[in-house]
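Descriptive analysis of the structure
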Amino acid sequence: EAGVVQSPRYKIIEKKQPVAFWCNPISGHNTLYWYLQNLGQGPELLIRYENEEAVDDSQLPKDRFSAERLKGVDSTLKIQPAELGDSAVYLCASSLGGQDGNNEQFFGPGTRLTVL
Amino acid sequence: QKEVEQNSGPLSVPEGAIASLNCTYSDRGSQSFFWYRQYSGKSPELIMFIYSNGDKEDGRFTAQLNKASQYVSLLIRDSQPSDSATYLCAVSSLYNFNKFYFGSGTKLNVKP
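Residues numbered from 1 in each chain as written. Chains lettered and ligands numbered in written order. Predicted model: local features only at pLDDT ≥ 70, side-chain atom pairs only at ≥ 80, totals over all residues. Heavy atoms only, no water.

Side note on the interface of chain B and chain A
Residue-level contacts link 21 residues of chain B with 27 residues of chain A. Summed over both partners, the interface of chain B with chain A buries about 1,700 Å², with 46% contributed by carbon and sulfur atoms. Linking chain B with chain A are 0 salt bridges. Taken together, chain B and chain A are joined by 7 residue pairs in polar contact (both at pLDDT 80 or more). Residue assignment for the side of chain B that touches chain A shows that the elements contributing at least two residues are β4 (32-38), β5 (45-50), β9 (85-92) and β10 (100-102) of chain B. Top element by residues in the side of chain B that touches chain A is β4(B). It accounts for 4 residues. Along the lines of polarity and charge, the residues of the side of chain B that touches chain A split into 10 nonpolar, 9 polar and 2 charged. (Contact = heavy atoms within 4.5 Å. Buried area = accessible area lost by both parts, 1.4 Å probe. Salt bridge = Lys/Arg side-chain N within 4 Å of Asp/Glu carboxyl O. Polar contact = N/O pair within 3.5 Å; in protein donor to acceptor, adjacent residues only side chain to side chain. Helix = DSSP H or I, 4+ residues; strand = E, 2+ residues; numbered from the N terminus. Nonpolar A, V, L, I, M, F, W, Y, C, P; charged D, E, K, R; others polar.)

Below is the structure:
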């Protein structure tokens, strides 16, 4: 079974440019997460989807970040315009979801963003 | 106060020894507890999860949960150099089963 797929793996842009990341979760996983991870830190949640609904986006900087999960499968995270401080690894994760267990999260390989 | 606290390390153990990694959490009602391993430059990989008080063993790994003391630990027996990585503790919120809080991780070095 394929794991979580992310692209691109690496992205280098200049500040003020836009950038987009794509994620395809594990088949059948209803819950999808976008995290940001800085060096030496744990993942920090940006947004969580239950199917196509964004149920937790309290940590998403909405002035420059946006996300969508059309049809409840693939998801895209966008930054516009990017700032120097956005340089980090952007991780996508998915889980089966639900409230009766099976909430183990599985991560994709991540996208390493460098903003110059 | 952070939701999940871990000693950043590095924790250094000789090959073949037992490595003990600890994690404390602040939400007394937390329900699910996870250990992830993260190699440098890679994404986190789930290695253990535990839901009930006590011990859970999987090969060389044992997760221990003590809800009364609000800590969870990971023991790695017969440590190997390939176990050298950062270990992240994650806790699932009582109020939202699918919301995780991650610690900053403990770096483990296993010396040959």
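Considering unusual backbone geometry
For the bond from A:Ser7 to A:Pro8, the omega torsion is -10°, close enough to zero to count as cis. Position of A:Pro8 relative to the elements: it lies in the loop between β1 (5-7) and β2 (10-13). With an omega dihedral of 10°, the bond running from B:Gly9 to B:Pro10 counts as a cis peptide bond. Here B:Pro10 shows up in the loop between β1 (4-5) and β2 (11-14). Positive phi, normally seen in glycine, also occurs at A:Asn51, with a value near 55°. Inspection of the secondary structure assignment puts A:Asn51 in the loop between β5 (44-50) and β6 (53-56). A:Asn51 gets classed as partly exposed once you look at its relative accessible area, which sits at 35%. For B:Gln70, which is not a glycine, the phi torsion comes out positive at approximately 60°. Looking at where B:Gln70 falls in the secondary structure, it is placed in the loop between β7 (61-66) and β8 (71-76). (Buried < 20%, exposed > 50% of the residue type's maximum accessible area, 1.4 Å probe, protein only.)

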